[in-house]
Amino acid sequence: MRHSLLPSVSQSQLHSLLGLRHISSLKVPWRKDPALDAAIDRDKHHHLCHRVVREVLHEPNKCISLRYLEKRRERLRLNLRVRTFLDWYPNLLELYPDRIKPNSSPVPFLRPSQSLLTFLSRESDIRSRNEPLVLGKLCKLLMISKDRAIPVEKILEVRRLFGFPEDLVDSLVPRYPELVRESNGHIHLVSWNESFAKSVIEQRADEESDVIGVRVRPNFTLKLPKGFNLKKEMREWVRDWLELPYVSPYSDASELSTASREMEKRNIAVLHEFLSLTIQKRAPVPTIGKFCSEFRLSNAFSNAFTRHPGIFYVSLKGGIKTAMLREAYGEDGVLLERDPLLEIMVRFGELVDEGNREYLDGLKREKQVLPRHIEMEKEIDRC
């Protein structure tokens, strides 16, 4: 009798091994999407202004000397002098003289302008109105994580993506001890809330079922850009993969084989839900990578974004990879539905743009005045 030199494996293990080889061998070329790239470009000046403003607001008494802020330009990724920044965006911060030490000479200091203080007051009102939404996002992230806990520092790193308050640990968490708590540098889920345990995809399927009266199976929506054609092998793989049952990101994945197509479906569900919970339906890939351990994602998780171009798009704008949810954006690169917390970003953007227009209008007036001034000088010379 001949004995196989290969170790015996079960059918499920064999399926998993074949699934891994098949998945990892799939190659989809990256293709630029100008509309989605433009969505990131539109916000880059707002993000820069937000970093500078927050740097001042985090200082004691919300003020800082001009010289100290100038020294922090590299950390803030501010590639222009602070005075130039103040010229470009004149309604964010204001200069005033103050002393660093009681007996020292006055030097220029910066503090929030009245326009910025008005915005901050409105921001507080918006956050207060939407606190249940923010709490739900926090609970959902904890429910996706394998140990129902995430380090505080990781939550704070993504606070702007999800709209979490900066004082999350001291404000939001203590108000809801029946749901979340902070302990040993982690935020823990205290109790499982079934109302939070449905993904965006499952909620959408339920809504469609209610409308048509027939149960709709939860699944991903594919939205390939015009002219983007998948090769036959990839089309067939996607078709078969979509036929697999949807695996909720809130389900227990501990029994799934890392190599299986089911785990691939679960991982895509986790990434889809993570991006769906963000305010702008996008997040830097390196930032998502910090949650690999909590979400049971492999170190090669980012390959999934390019392997599923109908679900995700990876923008390379700004020198960083940003994963975007295709279904969330229209053909013009504008969000189809607005997260209530997006109002904060919109209002801040309006404030930034208003100040920049003021600066540009001033330049135009100077250009108009200068020729007239030169002509007057010539007339005086002729007298």
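Computed from a predicted structure; not experimentally measured. (Residues numbered from 1 in each chain as written. Predicted model: local features only at pLDDT ≥ 70, side-chain atom pairs only at ≥ 80, totals over all residues. Heavy atoms only, no water.)

1. Structural notes on the overall build of the protein
Short version of the rule: Secondary structure elements follow DSSP: runs of H or I of four or more residues count as helices, runs of E of two or more count as strands, with numbering from the N terminus. For the exposure calls, accessible area comes from a 1.4 Å probe over protein chains only, and a residue counts as buried if that area is under 20% of its type's maximum, exposed if over 50%, partly exposed in between. We call two residues in contact whenever any of their non-hydrogen atoms come within 4.5 Å of each other. The accessible surface values rely on the Shrake-Rupley method and a 1.4 Å probe; as for residues, cover is taken only from the protein chains in view.
Counting its secondary structure elements, the protein contains 17 helices and nine strands. In the protein, which comprises 383 residues, the proportion classed as buried is 46%. Nonlocal contacts in the protein, meaning residues at least 24 apart in sequence, comprise 67% of its contacts between residues at least 6 apart. Split by element, the accessible area of the protein, about 22000 Å² in all, is 52% carbon and sulfur.

2. Re the nonpolar core
Let me state the cut-off plainly: Residues enter a nonpolar core if they are buried and are Ala, Val, Leu, Ile, Met, Phe, Trp, Tyr or Cys, with the set joined through side-chain atoms within 4.5 Å.
Ranked by size, the top nonpolar core spans 98 residues in total, and within it Leu 92, Leu 138, Val 180 and Phe 305 carry the most contacts. In terms of residue count, helix 2 (residues 34–57) provides more of this core than any other element does, nine residues in total. Beyond its immediate sequence surroundings of up to four residues, Phe 305 is in contact with Leu 271, Leu 275, Val 285, Ile 288, Phe 312, Val 314 and Ala 323.

3. Notes on the packing of aromatic side chains
Our working definition: Each Phe, Tyr or Trp ring (for Trp, its six-membered ring) is paired with any other whose centre lies within 6.5 Å, and the angle between the two planes then decides the class: stacked below 30 degrees, edge-to-face above 60, tilted in between. The rule for a charge over a ring is simple: NZ of Lys or CZ of Arg within 6 Å of the ring centre, and within 35 degrees of the ring normal.
The final tally for this structure, using the stated rule, is 14 aromatic pairs. Taking 5.5 Å as the distance between ring centres and 20° as the angle between the ring planes, the aromatic pair formed by Phe 162 and Phe 164 counts as stacked. Under the relative-accessibility criterion, Phe 162 is labelled buried at 0%. By relative accessible area, Phe 164 is classed as buried at 2%. Ring plane angle 65° and centroid distance 6.1 Å describe the contact between Phe 274 and Phe 295, whose orientation is recorded as edge-to-face. Taken together, the residues span a long stretch of sequence, with Phe 274 in helix 13 (residues 261–277) and Phe 295 in helix 15 (residues 292–295) at a distance of 21 residues. Each member of the pair, Phe 274 as well as Phe 295, is classed as buried. Every member of this aromatic cluster is reached through a ring pair, and the members are Phe 162, Phe 164, Phe 274, Phe 291 and Phe 295. Directly above the ring of Tyr 96 sits Arg 111, whose terminal nitrogen or CZ lies 4.1 Å from the centroid.

4. Notes on the confidence of the model for the protein
Detailed reading of the predicted coordinates is not advisable wherever pLDDT is low. Using the following cut-off: Scored between 0 and 100, pLDDT is the confidence that the predictor attaches to each residue.
Taken residue by residue, the protein gives an average pLDDT of 87. The fraction at 70 or more is 89%. A low-confidence stretch, residues 1–21 (pLDDT under 50), is modelled with ten contacts involving residues beyond four sequence positions or located in other chains.

5. Thoughts on the sheet that holds strand 9 (residues 322–325)
Under the convention used in this document: Strands qualify as paired when DSSP identifies two bridges or more between them. Axis definition: a line fitted to C-alpha atoms, over the contacting stretch in the case of helices. Angles run 0 to 180 degrees between N-to-C directions.
Within the open sheet, the three strands sit side by side as 7-9-8. Their pairing is antiparallel. The strands lining the two open edges of the sheet, one partner per strand, are strand 7 (282–284) and strand 8 (312–315). Neighbour-to-neighbour, the strand axes of the sheet open up by a mean angle of 20°, direction not taken into account. For strand 7 and strand 9, the ladder comprises three bridges, and the chain directions are antiparallel.

6. Describing the sheet that holds strand 5 (residues 180–183)
Taken in spatial order, the three strands make up an open sheet running 4-6-5, and their pairing is antiparallel. This sheet does not close on itself; its edge strands, each paired only once, are strand 4 (149–151) and strand 5. Across the sheet, the mean angle separating the axes of adjacent strands is 25° when strand polarity is ignored. Direction of pairing for strand 4 relative to strand 6 (residues 186–189): antiparallel, over a ladder of three bridges. In the strand pairing of strand 6, Ala 149 is matched with His 188. Together, strand 4, strand 5 and strand 6 form the strand contacts of helix 7 (residues 131–144), whose direction differs from that of strand 6 by roughly 90°.

7. Observations concerning the pattern of salt bridges
Definition in use: For this document, the term salt bridge refers to a Lys or Arg side-chain nitrogen within 4 Å of an Asp or Glu carboxyl oxygen.
Here the structure, examined in full by the defined rule, presents 24 salt bridges. Among the salt bridges present, the one from Asp 41 reaches Lys 44, with a minimum N-O distance of 3.7 Å. Here Asp 41 and its partner Lys 44 are both found in helix 2, three residues apart, which amounts to about one turn of the helix. Sharing partners across several salt bridges, the network here consists of Arg 54, Glu 123, Arg 127 and Glu 166.

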